[in-house]
Amino acid sequence: LADHIRSSVPVVVDLRKVEPAMVRRLVDFASGLTYALGGSMRKIGAGVILVTPANVNIGRDERRRLSDMGYYQAPEA
């Protein structure tokens with residue numbers, strides 16, 4: 001995860017089948033990583049987070065692709 005973020009590559013983290021204690025550890029790690037490297041992290045679906053490096057945005061086409069794969073759920077208005 002850290003190597004990808006340092007290389008400006010966004011990462012989708014699927015935690016849907018991970019034990020709750022490990023989810024907490026992974027989210028804590030990702031939070032510290034994104035804070036230290038100036039990136040961002042947000043929930044994009046139930047049990048799925050998107051970690052993006054600083055100054056990297058995910059476009060509409062990529063969100064659609066992630067949605068087709070079952071990872072991205074558009075926020076409710």
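All values reported here derive from a predicted model rather than from experimental measurement. (Residues numbered from 1 in each chain as written. Predicted model: local features only at pLDDT ≥ 70, side-chain atom pairs only at ≥ 80, totals over all residues. Heavy atoms only, no water.)

(A) Region of interest: the environment of M41. On the secondary structure map, M41 appears in strand β2 (residues 40-45). As for M41 and E19, which are separated by 22 residues in sequence, their C-alpha atoms are 20 Å apart. Among residues more than four places away in sequence, those in contact with M41 are V27, A30, S31, T34, I49, L50 and V51. (Helix = DSSP H or I, 4+ residues; strand = E, 2+ residues; numbered from the N terminus. Contact = heavy atoms within 4.5 Å.)

(B) Highlighting the side chain of T52. Mapped onto the secondary structure, T52 falls in strand β3 (residues 48-52). Judged by relative accessible area, which is 5%, T52 ranks as buried. One polar contact links T52 to S40, side chain to side chain, over a distance of 2.6 Å. Those residues in contact with T52, other than ones at most four positions away along the chain, are I5, P10, G39, S40 and I58. (Buried < 20%, exposed > 50% of the residue type's maximum accessible area, 1.4 Å probe, protein only. Polar contact = N/O pair within 3.5 Å; in protein donor to acceptor, adjacent residues only side chain to side chain.)

(C) Spotlight on unusual backbone geometry. In this structure, S8 takes a positive phi of about 65° despite not being glycine. Take S8: it is sitting in the loop between α1 (2-6) and β1 (11-14). Residue class for S8 comes out partly exposed when judged on its relative accessible area of 45%. The backbone of N55 sits at a positive phi, close to 65°, despite the residue not being glycine. Structurally, N55 can be placed in the loop between β3 and α3 (60-68).

(D) Here's a closer look at the sheet that holds β2. Strand order across the open sheet formed by three strands is β1-β3-β2, with antiparallel pairing between neighbours. Each edge of the open sheet carries a strand with a single partner, namely β1 and β2. Averaged over all adjacent pairs, the angle separating strand axes in this sheet is 25°, with direction ignored. Here β2 pairs with β3 via five bridges, running antiparallel. Residue pairing in the sheet places M41 in a bridge with V51 of β3. Set on the sheet, helix α2 (residues 20-37) makes contact with β2 and β3; between it and β2 the angle comes to about 140°. (Pairing = 2+ DSSP bridges. Axes fitted to C-alpha atoms, helices over the stretch in contact; angles between N-to-C directions.)

(E) Here's a closer look at α2. Taking 1.5 Å per residue as the helical rise, α2 with its 18 residues ought to reach 26 Å, and the 26 Å between its terminal C-alpha atoms agrees with that figure. Taken together, the buried positions of α2 are occupied by A30, L33 and T34. One side of α2 carries all its buried residues, which in axial view fall inside an arc of 95°. More than 90 degrees from the buried face of α2, the exposed residues found are P20, R24, R25, D28, Y35 and A36. Residues of α2 that are buried make contact with α1, β2 and β3. Downstream of α2 by a residue or two, G38 has a phi angle that is positive, lying close to 75°. (Expected span 1.5 Å × (residues − 1). Arc of directions from axis to C-beta.)

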